[in-house]
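Descriptive structure summary
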Amino acid sequence: MPTITTTDGTEIFFKDWGSGQPIVFSHGWPLSADDWDTQMLFFLQHGYRVIAHDRRGHGRSTQTAGGHDMDHYADDLAAVTAHLDLQDAVHVGHSTGGGEVAHYIARHGESRVAKAVLISAVPPLMVQTEANPGGLPKSVFDDLQAQLAANRSEFYRALPSGPFYGFNRPGVEPSEAIIENWWRQGMMGGAKAHYDGIVAFSQTDFTEDLKQISVPVLVMHGDDDQIVPYADSGPLSAKLVQNGTLKTYEGFPHGMPTTQADTINADLLAFLQA
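Anyway, here's the lowdown on the structure attached to this text. Predicted model, so just to flag it, every value in this text is computed and none were measured.

Conventions adopted
- Residues numbered from 1 in each chain as written.
- Predicted model: local features only at pLDDT ≥ 70, side-chain atom pairs only at ≥ 80, totals over all residues.
- Heavy atoms only, no water.
- Pairing = 2+ DSSP bridges.
- Helix = DSSP H or I, 4+ residues; strand = E, 2+ residues; numbered from the N terminus.
- Axes fitted to C-alpha atoms, helices over the stretch in contact; angles between N-to-C directions.
- Contact = heavy atoms within 4.5 Å.
- Phe/Tyr/Trp six-rings, centres within 6.5 Å; stacked < 30°, edge-to-face > 60°.
- Buried < 20%, exposed > 50% of the residue type's maximum accessible area, 1.4 Å probe, protein only.
- Lys NZ or Arg CZ within 6 Å of the ring centre and 35° of its normal.
- Patch = residues over 30% accessible without salt bridge, like charges linked within 9 Å, V, L, I, M, F, W, Y side chains within 5 Å.
- Areas by Shrake-Rupley, 256 points an atom, 1.4 Å probe, with all protein chains shown as cover.
- Salt bridge = Lys/Arg side-chain N within 4 Å of Asp/Glu carboxyl O.
- Parallel < 35°, antiparallel > 145°, perpendicular 65-115°, else oblique.
- Nonpolar A, V, L, I, M, F, W, Y, C, P; charged D, E, K, R; others polar.

Below, the discussion takes up the sheet that holds strand β4 (residues 49–53). Here eight strands make up an open sheet; going across it, the order is β1-β2-β4-β3-β5-β6-β7-β8 and the pairing mixed. Of all strands in the sheet, those bounded by a partner on one side alone are β1 (3–5) and β8 (244–249). Looking at each pair of strands side by side, their axes are set apart by 20° on average, direction ignored. Here four bridges tie strand β6 (residues 113–119) to strand β7 (residues 217–222), and the two strands are oriented parallel to one another. Considered in β7, the bridge of Ile119 is made with Met220. Together, β1, β2 (11–17), β3 (22–26), β4 and β5 (89–94) form the strand contacts of helix α2 (residues 70–83), whose direction differs from that of β1 by roughly 115°. Sheet contacts for helix α3 (residues 96–108): β3, β4, β5 and β6; angle to β5, the most-contacted strand, approximately 140°.

As structure tokens, then:
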């Protein structure tokens, strides 16, 4: 398996397919690089080099006890891009991965970066604070941690069966294969990483990170996102970056790169070619 070893000894698994301009995919919590299968095959067939890694503690990367915070996530991503000597890369992040991309660009600069895409992404800040009254109460995330600690396997069935893909909406036909694949990816990772990761994605404030980003950024968000509510995320992020475009998808769920892959892939390709 292709891996790199970070400065603190963590092995990060990655996939690297094809040639051409690189697209680097950062996955959501608590998944793995496998969540990008549809996108990686699509863009490989369109002549791009596609790269995706498993975040530390997720998928096939080391189930380390520590480092489950945005600084480490960004530094791990930087280590992958440096190891592969990627230039003119497009960084695409879904959910927590969107936070990872924003923090990586702000922390490590834009010398290797051409464009960025934030899909259903957690920035600017998910948790409710005095400065962010539209955020979700901290109790929501405390409850996620409690469910994970009590029965992770059961929790990882319930989340994709309901709000993650909008399968709890009237008239939406759940896909058992999608639900099982979400569960499979989640259970590959480590409970400690996933427990700590809830704090990382919910309590990190990306406002200053976003302000630093000057490369073109496409922000894609469904207005029926039940995981990262639309009003306090997508529109705000698009305004904070220096060169942002917001694309809103009526009725699309949080997991739209999977359930609405044809639409998302076509719009991603148009942004890359623009």
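That covers the picture; the talk isn't over yet.
Two descriptors summarise a pair of aromatic rings, namely the distance from one centre to the other and the angle between the planes of the rings. Counted by the stated rule, this structure contains 14 aromatic pairs. With centroids separated by 4.9 Å and ring planes inclined at 85°, the aromatic side chains of Phe42 and Phe43 adopt a geometry described as edge-to-face. With relative accessibility at 1%, the residue Phe43 sits in the buried group. Both rings, one in Tyr156 and one in Trp182, keep their centres 5.5 Å apart while their planes meet at 80°; by these two values the pair is edge-to-face. On the criterion of sequence distance, the pair formed by Tyr156 in helix α5 (residues 152–161) and Trp182 in helix α6 (residues 176–188) is long-range, its members being 26 residues apart. Grouping aromatic residues by their ring pairs yields a cluster made of Trp29, Phe141, Phe155, Tyr156, Phe164, Tyr165, Phe167, Trp182 and Phe201. The ring of Tyr73 has Arg55 sitting right over it, with the charged end atom 5.2 Å from the ring centre. Sitting above the plane of the Phe271 ring, Lys115 keeps its charged end 4.8 Å from the centroid.

Okay, a nonpolar patch on the surface next. A contiguous nonpolar surface patch, about 240 Å² in accessible area, is contributed by Trp17, Leu41 and Leu44. Within the fold, Trp17 resides in strand β2. Look at Trp17 and you get partly exposed, because its relative accessible area is 30%.

Two numbers describe how helix α4 (residues 138–150) lies on helix α7 (residues 191–203): the axes approach to 10 Å, and their chain directions differ by 170°. With respect to each other, α4 and α7 are oriented roughly antiparallel. Counted together, Lys138, Phe141, Leu144, Gln145, Leu148 and Ala149 of α4 and Ala191, His194, Tyr195, Ile198, Val199, Phe201, Ser202 and Gln203 of α7 form the full contact between these two elements. Its residues assigned to classes, the contact of α4 with α7 comprises nine nonpolar, four polar and one charged.

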